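Residue-level structure breakdown
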Amino acid sequence: MAKDDKFSVTPWTVTGKVDYDKLIKKFGTQSLDDNLKRRLEKLSNGSHVLIRRNTFFSHRDFDKVLDDIENGMGFFLYTGRGPSGPMHIGHIIPFVMTKWFQEKFKANVYIELTDDEKFLYDEKFSLDDSRKWSYENALDIIALGFDPDRTFIFQDTEYIKNMYPLAIKVAKKINYSLVKAVFGFKNETNVGMIFYPALQVIPTFFERKRCLIPAAIDQDPYWRIQRDLAEGFGYFKASAIHNKFLPPLTGPEGKMSASQPETAIYLSDGPEIVKKKIMKYAFSGGQATVELHRKYGGNPDLDVSFQWLKLFFEEDDAEVDRIEKEYRSGQMLTGELKEILINKINEFLEVHRAKREEAKETIKDFKVNGQLALKMWNTILE
């Protein structure tokens, strides 16, 4: 966890305006620097907007993953989703990155749906709710284009039998003082939550290769525990690349929240809802009047619409530069900038909705992937 006077980042909550340079120091990670980006670009014969624009900004041992690719050893991917409700735009960033790595390097992907953790964490959340959202969220994940032959999506309460033998071995090596220090658990914390970190570590042991985890930076505490234990069990320390949070529509602080619909665009939002939310709630870096804006220009560093375009929705670097220049100069008004974002989001969501419908027919291929399930099981039994 990371907390100071201005922001707080934990696996469950993010508040304040996050200083990502400070966060790297507090978490003890490393910057995803230009050298690593050039190495990745060479190996993948291309680049991805999420890397180029520093949406993914931090890492643990990503250089070793690149070494393994160069040496022909390969790697596998693991990420996940806490199924507590409908998915919004911010939720899919790690999955978009994971899918790209799979496509470029033909790597296997394991996606954990942590229905158990969400039930344990929220007293008002039923296990039936968590299981229902596991299915709904899986459809949204599959719609992003994962390879069914190389992807295994598993739900903790369904696959616990397969993971439990290794989970209790891991749990035996973790004491309460460690998880208390890392996660801030208190005497009132239920024992399920105290045990849970051992379970989230297990997918990093599904293959005898290095595991790369693309995930938001708030999930990093789990991998710190894994890295303390992995070599003692004969596995590699997990590698990770961490993404920034897309700022909420309502301002530059915190992150989008499912409990505050005005802060987020959901994957289920239709065109008119998208337009209404952005026009009404998207925090502006513009001036109070058109006259002042034309004279002094806007601040794209504060403008949420620009930040969403830059961090994710506009892949053309030249177009981002054009928008930024025109907005700073006052040539482009806030309303015009919002319209650009609205069109980009609605184009994305139109394709996503169609792919999601197709996923209802293919979900069985991802949740019953015999080849990867067998690989996982055999590794656990070794």
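Residues numbered from 1 in each chain as written. Predicted model: local features only at pLDDT ≥ 70, side-chain atom pairs only at ≥ 80, totals over all residues. Heavy atoms only, no water.

Describing the overall build of the chain
Regarding its fold elements, the chain presents 17 helices and 10 strands. At 21 Å, the chain has a C-alpha radius of gyration in line with the 21 Å of a compact globule built from 382 residues. For the chain, the C-alpha atoms occupy an extent of roughly 70 × 50 × 45 Å along the three principal directions. Counting across all 382 residues of the chain, residues that qualify as buried make up 54%. Within the chain, residue pairs in contact and separated by at least 24 positions form 77% of the contacts whose partners lie at least 6 positions apart. Carbon and sulfur atoms make up 49% of the accessible area of the chain, which amounts to about 17200 Å² in all. Taken together, the 56 basic and 57 acidic charged side chains of the chain have centroids lying 3 Å from each other. (Helix = DSSP H or I, 4+ residues; strand = E, 2+ residues; numbered from the N terminus. Rg over C-alpha atoms; globule rule 2.2 N^0.38 Å. Buried < 20%, exposed > 50% of the residue type's maximum accessible area, 1.4 Å probe, protein only. Contact = heavy atoms within 4.5 Å. Areas by Shrake-Rupley, 256 points an atom, 1.4 Å probe, with all protein chains shown as cover. Lys, Arg positive; Asp, Glu negative; His and termini not counted. Charge placed at Lys NZ, Arg CZ, Asp CG, Glu CD.)

Focus on the side chain of Thr98
You can see Thr98 is positioned in helix α5 (residues 93-105). Looking at Thr98, the relative accessible area reads 0%, which means it is buried. The residues contacting Thr98, other than those within four sequence positions of it, are Leu77, Thr79, Val109, Phe146 and Pro214.

A few points about the sheet that holds strand β8 (residues 151-155)
Spatial strand order, β4-β5-β10-β9-β6-β7-β8: 7 strands in an open sheet with mixed pairing. The open sheet terminates on both sides in strands that have one partner only, identified here as β4 (30-31) and β8. This element, helix α11 (residues 220-229), spans β5 (56-60), β6 (75-81), β9 (210-216) and β10 (239-243) of the sheet and lies at about 20 degrees to β5. (Pairing = 2+ DSSP bridges. Axes fitted to C-alpha atoms, helices over the stretch in contact; angles between N-to-C directions.)

Here's the deal with the environment of Ala282
Counting through the fold element by element, Ala282 comes out in the loop between α12 (271-281) and α13 (290-296). Taking relative accessible area as the criterion, Ala282 reaches 6% and is therefore assigned buried. Along the primary structure Ala282 and Ile345 are separated by 63 residues, whereas in three dimensions their C-alpha atoms are 13 Å apart. Among all residues touching Ala282, those that are not within four sequence positions of it are Leu249, Lys277, Ser305 and Lys338.

As for the packing of helix α8 (residues 156-171) against helix α10 (residues 191-201)
Geometry of a packed helix pair, given as the angle between the helix axes and the separation of the axes. Two numbers describe how α8 lies on α10: the axes approach to 8 Å, and their chain directions differ by 100 degrees. Here α8 lies roughly perpendicular to α10, going by the angle between them. Mapping the contact onto sequence places Asp156, Ile160, Met163, Tyr164, Ala167, Val170 and Ala171 in α8 and Phe195, Tyr196, Ala198, Leu199 and Val201 in α10. Residues belonging to the contact of α8 with α10 are distributed by class as follows: 11 nonpolar, no polar and 1 charged. (Parallel < 35°, antiparallel > 145°, perpendicular 65-115°, else oblique. Nonpolar A, V, L, I, M, F, W, Y, C, P; charged D, E, K, R; others polar.)

Notes on the nonpolar core
By size, the foremost hydrophobic cluster in this structure holds 66 residues, and its most contacted members are Phe62, Phe75, Phe101, Ile265, Ile278, Trp308 and Ile345. If one sorts the elements of this core by residue count, helix α16 (residues 334-367) sits on top with 9 residues. Beyond its immediate stretch of four places on either side in the chain, Phe101 contacts Leu40, Phe62, Phe75, Leu77, Lys106, Leu212 and Ile241. (Core = buried A, V, L, I, M, F, W, Y, C linked by side-chain atoms within 4.5 Å.)

Some words on the packing of helix α14 (residues 304-313) against helix α15 (residues 317-329)
Where α14 contacts α15, the two axes come as close as 10 Å, and the packing angle between them is 165 degrees. In terms of orientation, α14 lies roughly antiparallel with respect to α15. Helix-helix and strand crossings are classified by hand; for α14 and α15 the assignment is left-handed. Contacts between α14 and α15 pair Phe306, Leu309 and Lys310 from the former with Val320, Ile323 and Glu324 from the latter. Its residues assigned to classes, the contact of α14 with α15 shows 4 nonpolar, no polar and 2 charged. (Left-handed = near helix turned anticlockwise from the far one by under 90°.)

Topic: the pattern of salt bridges
The final tally for this structure, using the stated rule, is 22 salt bridges. For Arg227, the salt bridge is made with Asp61, and the minimal N-O distance between the two is 2.9 Å. Taken together, the residues Arg227 in helix α11 and Asp61 in the loop between β5 and α4 (62-70) connect sequence positions 166 residues apart. With relative accessibility at 16%, the residue Arg227 sits in the buried group. Residue Asp61 is classed as buried on the basis of its relative accessible area, which comes to 12%. Shared partners join several salt bridges into a network, and the residues in it are Arg39, Asp67 and Glu70. (Salt bridge = Lys/Arg side-chain N within 4 Å of Asp/Glu carboxyl O.)

Here's the deal with the packing of aromatic side chains
Counting across every chain of the model gives 27 aromatic pairs. Centroid distance Phe75 to Phe101: 6.5 Å. Interplanar angle 90 degrees. Geometry classified as edge-to-face. Of the two residues, Phe75 sits in strand β6 while Phe101 sits in helix α5, which places them 26 residues apart along the sequence. On the basis of relative accessibility, which here comes to 4%, the residue Phe75 falls in the buried class. (Phe/Tyr/Trp six-rings, centres within 6.5 Å; stacked < 30°, edge-to-face > 60°.)

Notes on the pairing of β10
Most of β10 is tucked away, with 5 of its 5 residues classed as buried. Bridging between β5 and β10 involves 4 bridges; their strand directions are antiparallel. Bridge pairing in β10 places Ser58 opposite His242. Taken together, the 5 bridges between β9 and β10 define a ladder with parallel strand orientation. The residue bridging Pro214 from the neighbouring strand is Ile241, located in β10. After leaving β9, the chain enters α11 and then returns to the sheet as β10, a path that is right-handed. (Right-handed = clockwise from strand over helix to strand, strands pointing away.)

Read these as geometric descriptors, not functional statements.
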